[in-house]
Amino acid sequence: MNKIWLIIKREYLVRVRKRSFIIMTILGPLLIAGIIILPTYLAMQGHDERIIALYEENTFFSSKLEDTDNLHFVKIPFEEVNIIKEDFSASSYYALLDIKDAENFALYSNQQVSLSVQSEIEGKLSDILQREELKLAGIDLQILEGVTTQIEVKTIIIGEEGETTGNAEVSFGIGFMCGILIYMFIFMYGTMVMRGVIEEKTSRIVEVIISSVKPFQLMMGKILGVALVGLTQFMLWIILTIIISSFAEVLFFDMSAIAAENSEMGQEQSVIVSELLKSLAGINIAQLLISFVFYFLGGYLLYSALFAAVGSAVDAEADTQQFILPITIPLILSFILMQPVMNNPDGVLAYWLSLIPFTSPIIMMVRLPFGVSNAELILSMALLVVGFLATTSLAAKIYRTGILMYGKKASYKELWKWLTFKG
């Protein structure tokens, strides 16, 4: 155990001191903060106003088309239509809407019109035609608009602690984010283990190390050392993301506007915070965080043992492709099935995939925000531990032989011999 600890310490210190680790630790939170802050900032800035030239022989549509925050319609005479078409760049118009009749519409521009602009114009024209048809049918539009109401159905979760408010959108978002993070981390740190094994093998350093420790101790030390590197980087990402997001919020948003609307925004923020707390009331946050750490480590340990075995079986990273695909198919399948599982988190497919060790790290984290029984969660965790032990045992058999094999490309037949070799 002391030797494994020494290898863990070496792997950890060597990797956290690398320039790539420092750079990714800084860039990761910047990217995450950018993903969080930038869309909000752009949404607050609004869209550029588009000036649309409008030509129509009569006034059926033009008299009813109203400007919006993004679109401004300017009716032009027939003489200007050809002038604009000949030299669009010389005009101040974004596009030209030519209305021939109730069935023929054309939108001209010197560039590809954005989908949002096209959809908005189509929606406005459809509304005008629909209202006209309702009038012709003798329907009073004022009465129709008066009875139009929006219904919001609240989700109430009845549990052991009583009734709590649920939110399917929040559960969907949390489950999707947890699944993506675990998928990304397993691939990232699993391949890190594989590359480390290949580097030591090709540089012949492993021959010196093997003289002092057993192959299994070396493999476990490397896997656990990289796991600590991953946890360290993940914790730093969380802390730095919170700090950077706080600073970015102050820098990006107009302080004068915030000061001018301080009282109004304070009321809005209190409502937002209140609604956020209500939407999270139906989710066991403590269980979610503990499970995330467990499945992150469990999934990483299971797959990294396989990645280490692949690294020991080849002499170059280019030779790993034939072995990586079969072992990562369950992981990729879990990623593909995330949305179907979230659409039916209590289904048969979701149940079995959350128990199978190769798919449970992602699928169970996707299901947890929707509610999973403790018995089912404990069974899934136990099977993941058993799966890790079994996978590590098999990977160790490949590792102990492959780590000292040079100059020969391993095949599946060769790997089977290493697995069944006794001695």
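Cut-offs used in this document
- Residues numbered from 1 in each chain as written.
- Predicted model: local features only at pLDDT ≥ 70, side-chain atom pairs only at ≥ 80, totals over all residues.
- Heavy atoms only, no water.
- Helix = DSSP H or I, 4+ residues; strand = E, 2+ residues; numbered from the N terminus.
- Buried < 20%, exposed > 50% of the residue type's maximum accessible area, 1.4 Å probe, protein only.
- Contact = heavy atoms within 4.5 Å.
- Areas by Shrake-Rupley, 256 points an atom, 1.4 Å probe, with all protein chains shown as cover.
- Patch = residues over 30% accessible without salt bridge, like charges linked within 9 Å, V, L, I, M, F, W, Y side chains within 5 Å.
- Salt bridge = Lys/Arg side-chain N within 4 Å of Asp/Glu carboxyl O.
- Pairing = 2+ DSSP bridges.
- Axes fitted to C-alpha atoms, helices over the stretch in contact; angles between N-to-C directions.
- Core = buried A, V, L, I, M, F, W, Y, C linked by side-chain atoms within 4.5 Å.
- Parallel < 35°, antiparallel > 145°, perpendicular 65-115°, else oblique.
- Nonpolar A, V, L, I, M, F, W, Y, C, P; charged D, E, K, R; others polar.
- pLDDT = per-residue confidence, 0-100.
- Phe/Tyr/Trp six-rings, centres within 6.5 Å; stacked < 30°, edge-to-face > 60°.
- Lys NZ or Arg CZ within 6 Å of the ring centre and 35° of its normal.
- Lys, Arg positive; Asp, Glu negative; His and termini not counted.
- Charge placed at Lys NZ, Arg CZ, Asp CG, Glu CD.
- Bend = angle between axes of the 7 residues up to and from the residue.

> Is there a simple way to explain the overall build of the protein in this structure?
A tally of regular secondary structure across the protein gives 17 helices and 6 strands. Per-residue burial for the protein yields a buried fraction of 37% across its 423 residues. A separation threshold of at least 6 residues defines the contact pool for the protein, and within that pool the share at least 24 residues apart is 70%. Put simply, the protein shows about 24,900 Å² of open surface, and 63% of that area lies on carbon and sulfur atoms.

> Help me out: how do you make sense of a nonpolar patch on the surface in this one?
A surface patch of nonpolar side chains, about 620 Å² in accessible area, is lined by Ile22, Ile23, Met24, Ile26, Leu27, Leu30 and Leu31. Within the secondary structure layout, Leu31 lies in helix 2 (residues 19–45).

> Can you walk me through the sheet that holds strand 2 (residues 71–75) in this structure?
Backbone hydrogen bonds are what pair the strands of a sheet, in a parallel or an antiparallel way. Within the open sheet, the 4 strands sit side by side as 2-1-3-4. Their pairing is mixed. Bordering the open sheet on either side are strand 2 and strand 4 (105–108), each of which pairs with just one other strand. Neighbouring strand axes in the sheet, compared pairwise and without regard to direction, differ in orientation by 25° on average. As paired strands, strand 3 (residues 95–99) and strand 4 are joined by 4 bridges and run antiparallel to one another. Note that in strand 4 the partner of Leu96 across the bridge is Tyr108. Together, strand 1 (50–56), strand 2, strand 3 and strand 4 form the strand contacts of helix 4 (residues 115–136), whose direction differs from that of strand 2 by roughly 60°.

> What is the right way to look at the nonpolar core in this model?
Core analysis: the largest hydrophobic core is formed by 68 residues, its most contacted members being Leu218, Tyr295, Tyr300 and Met365. With 15 residues, helix 11 (residues 285–313) is the single largest residue contributor to this core. If sequence neighbours within four positions are ignored, Tyr300 has contacts with Ile186, Tyr189, Gly190, Val193, Lys222, Ile223, Val226, Ala227 and Tyr295. In this structure, Ile52, Leu65, Leu97 and Ile121 belong to the second largest nonpolar core, which totals 15 residues.

> Can you walk me through the packing of helix 11 against helix 12 (residues 321–336) in this structure?
The relative placement of two packed helices is expressed as an angle between their axes plus a distance between the axes. Remark: helix 11 packs on helix 12, axes separated minimally by 10 Å, with the N-to-C direction vectors making an angle of 170°. With respect to helix 12, the axis of helix 11 lies roughly antiparallel. Across the interface between the two elements, Tyr303, Leu306, Phe307 and Val310 from helix 11 touch Phe323, Ile324, Ile327, Thr328, Pro330 and Leu331 from helix 12. Classifying every residue of the contact of helix 11 with helix 12 by side-chain character gives 9 nonpolar, 1 polar and no charged.

> For this particular structure, what's the right way to read the confidence of the model for the protein?
Caution applies to low-pLDDT parts of the model: their predicted coordinates are not meant to be read in detail. Mean pLDDT over the protein works out to 78, with 80% of the residues at or above the 70 mark. Note on residues 255–260: pLDDT under 50 across the span, and 3 contacts to partners over four residues away in sequence or across chains. Per-residue pLDDT stays below 50 along residues 268–273; that stretch engages in 0 contacts with residues further than four places along the chain or on separate chains.

> Before we go on, may I ask you to explain the packing of aromatic side chains in this structure?
In this description, an aromatic ring pair is defined by two values, namely the gap between the centres and the angle between the planes. Considering all chains together, one arrives at 12 aromatic pairs under this definition. With 4.8 Å between their ring centres and 85° between their planes, Phe60 and Phe61 make a pair best called edge-to-face. Accessibility expressed as a relative area gives 26% for Phe60, which makes it partly exposed. Taking 5.8 Å as the distance between ring centres and 40° as the angle between the ring planes, the aromatic pair formed by Phe185 and Trp237 counts as tilted. Of the two residues, Phe185 is situated in helix 6 (residues 168–202) and Trp237 in helix 8 (residues 215–252); the sequence distance between them amounts to 52 residues. Just as Phe185 is buried, Trp237 falls in that class too. An aromatic cluster of at least three residues, connected via ring pairs, comprises Tyr183, Phe187, Phe307 and Phe335. Positioned above the aromatic ring of Tyr94, the side-chain terminus of Arg50 is 4.4 Å from the ring centre.

> Help me understand the pattern of salt bridges in this model?
Working definition: two side chains of opposite charge can pair if their charged atoms are close together. All told, the structure shown has 5 salt bridges when counted by the stated rule. Where Arg10 meets Glu11, a salt bridge forms, and the shortest distance between an N and an O atom there is 3.0 Å. Overall, the relative accessible area of 4% leaves Glu11 in the buried class.

> I'm lost on a negative patch on the surface in this one. Help?
Taken together, Glu49, Glu66, Asp67 and Asp69 make up a surface patch of like negative charges. For Glu66, a relative accessible area of 56% corresponds to the exposed category.

> Explanation requested: the environment of Leu404 in the structure shown.
In this structure, Leu404 sits in the loop between helix 16 (374–402) and helix 17 (412–420). It is 8.0 Å that separates the C-alpha atoms of Leu404 and Val206, two residues lying 198 residues apart in sequence.

> Just checking my understanding: could you explain the packing of helix 16 against helix 17 for this structure?
Direction vectors running N to C along helix 16 and helix 17 enclose 105°, while the axes themselves pass 8 Å from each other. Of the possible angle classes, the one that applies to helix 16 and helix 17 is roughly perpendicular. Mapping the contact onto sequence places Leu394, Lys397, Ile398, Thr401 and Gly402 in helix 16 and Leu415, Trp418 and Leu419 in helix 17. A per-class count over the contact of helix 16 with helix 17 returns 5 nonpolar, 2 polar and 1 charged.

> Where do I start with the environment of Pro215 in this structure?
Here Pro215 lies in helix 8. A C-alpha to C-alpha distance of 9.9 Å links Pro215 and Leu404, two positions 189 residues apart in sequence.

> Would you mind going over helix 12 with me for this structure?
What sets the pattern is the α-helix's 3.6 residues per turn: residues three or four places apart point alike. Taking the largest bend as the criterion, helix 12 deviates by roughly 50°, centred on Thr328, and proline Pro330 comes between one and four positions later. Restricting attention to buried positions, one finds in helix 12 the residues Phe323, Ile324, Ile327, Thr328, Leu331 and Ser334.

> What should I look at first to understand the side chain of Ser360 in this one?
Within the secondary structure, Ser360 is located in helix 15 (residues 360–367). Beyond its immediate chain neighbours, meaning those up to four positions away, Ser360 contacts Tyr295, Leu353, Ser354, Leu355, Met365, Ser380 and Leu384.

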